[in-house]
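# Secondary and tertiary structure notes
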Amino acid sequence: MTPKTSERLIVDGPAGALEIVINAPETSPRGIALVAHPHPQQGGTLDNKVVQTLAKTFFALGYASVRFNFRGVGRSAGVFDDGNGETDDALATLAHAKKRFGDVPVVLAGFSFGSFIQTRVAATVAAERMVLVGPAVGRFEVAPVPADTIVIHGETDDVVPLAAVLDWARPQELPVIVFPGCGHFFHGRLPQLQRTVAGMWRGAAAGA
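Report on the accompanying structure. (Residues numbered from 1 in each chain as written. Predicted model: local features only at pLDDT ≥ 70, side-chain atom pairs only at ≥ 80, totals over all residues. Heavy atoms only, no water.)

### Notes on the overall build of the chain
What counts is decided by this rule: Secondary structure elements are defined from DSSP: runs of H or I of at least 4 residues count as helices, runs of E of at least 2 residues count as strands, and each element is numbered from the N terminus. With C-alpha atoms as the basis for the radius of gyration, the globule rule is written as 2.2 Å multiplied by the number of residues raised to the power 0.38. For every residue, the accessible area obtained with a 1.4 Å probe (protein chains only) is divided by the maximum for its type, and the residue is called buried under 20%, exposed over 50%, and partly exposed between those limits. By definition, residues are in contact when any of their heavy atoms lie within 4.5 Å. The sign given to each residue is positive for Lys and Arg and negative for Asp and Glu; His and the chain ends receive no count. Taken as the charge centre is NZ of Lys, CZ of Arg, CG of Asp or CD of Glu, depending on the residue.
Check the secondary structure of the chain and you find 5 helices and 8 strands. Traced from its N-terminal end to its C-terminal end, the chain shows the element sequence β-β-β-α-β-α-β-α-β-β-α-β-α. What you see for the chain is a C-alpha radius of gyration of 16 Å, in line with the 17 Å of a compact globule of 208 residues. For the chain, the spread of C-alpha atoms along the principal axes amounts to about 40 × 40 × 30 Å. Across the 208 residues in the chain, those meeting the buried criterion constitute 51%. Within the chain, residue pairs in contact and separated by at least 24 positions form 63% of the contacts whose partners lie at least 6 positions apart. For the chain, the separation between the mean place of its 18 positive charges and that of its 19 negative charges on side chains is 8 Å.

Next comes the structure, spelled out in structure tokens:
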């Protein structure tokens, strides 16, 4: 995934202009990977490094990676709406991607607040699989997720404590991948994050 493969555009969203970046493979994509960014009021944008890493990972796996700025961020119109409007932004982005790429499988991926939004999107979208990195449980009411969801968290996360994630995952008997010595923003661990997600994806495909 390079700047040459990145297409940045403005589409009509629920609150007005909606800024989207699409990275599509040269051949027909195996699906759409919708990637949601961290909290808009805490500096989160579609250019966040973890978000870019997720997009790069799925692009390399043959998906059309689609990122977007929530309302009020970058060139997207509107103001923060406590997750309600942001869910609508995600659904509008996905609708635009489906018009372009057709009725292909959909992967929902998110980082921090973006993970919370994707659990809301999953209530209305049949996803092939979900990937939640640093999910903002405790800060938001994050719904239960399918058993094959990939959850990755840093051991020393000081934004969302690992204990809170385990408390959320425990009733679901949901495995959590823990990066030892890693904080919320995965500084210095992005290549490892990419390898982990890609490896689990290829492993699932091989076992199918």
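### Focus on the environment of Gly-74
Note on placement: Gly-74 falls in the loop between β4 (64–68) and α2 (84–101). Given a relative accessible area of 66%, Gly-74 falls into the exposed group. For the pair Gly-74 and Gly-85, spaced 11 residues apart in the sequence, the C-alpha separation amounts to 16 Å. Dropping the residues within four chain positions of it, Gly-74 is found in contact with Glu-19 and Asn-69.

### Comments concerning the sheet that holds strand β5 (residues 106–111)
Here is the rule we go by: Two strands pair if DSSP finds at least two bridges between them. A fitted line through C-alpha atoms represents every axis, and for helices the fit uses only the stretch in contact; the resulting angles, taken between N-to-C directions, go from 0 to 180 degrees.
Spatially, β1-β2-β4-β3-β5-β6-β7-β8 is the arrangement adopted by the 8 strands of the open sheet, whose pairing is mixed. Edge positions in the sheet fall to β1 (6–13) and β8 (177–179), since each of these pairs with one other strand and no more. Each strand axis lies, on average, 20° off the axis of its neighbour in the sheet, ignoring direction. The pairing of strand β3 (residues 32–36) with β4 spans 4 bridges and is parallel. Directly across from Ile-32, in β4, lies its bridge partner Ala-64. Running over the sheet, α2 touches β1, β2 (16–23), β3, β4 and β5 and is turned about 55° from β2.

### What about the layout of surface pockets?
Threshold: Put plainly, a pocket is an open set of points on a 1 Å grid over the protein atoms alone with protein on both sides within 12 Å along at least five of seven lines, a cavity is a set where a 1.4 Å probe fits but cannot get out, and a lining residue has an atom within 4 Å of a point. Grid points are joined across faces, edges and corners, and a volume is the space filled by probe spheres set on the points. Each residue receives one of three labels: charged for Asp, Glu, Lys and Arg, nonpolar for Ala, Val, Leu, Ile, Met, Phe, Trp, Tyr, Cys and Pro, and polar for the others, Gly being one of them.
Approximately 230 Å³ is the volume found for the largest pocket. If you trace the largest pocket, you find 14 residues lining it, with Met-1, Ser-6, Gln-52, Lys-56 and Arg-67 closest to the centre. The set of elements that each furnish at least two residues to the lining of the largest pocket consists of β1, β2 and α1 (49–60). Of all the elements, α1 adds the most residues to the lining of the largest pocket, at 4 residues. Along the lines of polarity and charge, the residues of the lining of the largest pocket split into 4 nonpolar, 5 polar and 5 charged. When its volume is computed, the second largest pocket comes out at roughly 150 Å³. In terms of lining residues, the second largest pocket is bounded by 13 residues, among which Pro-38, His-39, Gln-42, Ser-112 and His-184 are the most central. Residue composition of the lining of the second largest pocket, grouped by class: 6 nonpolar, 6 polar and 1 charged.

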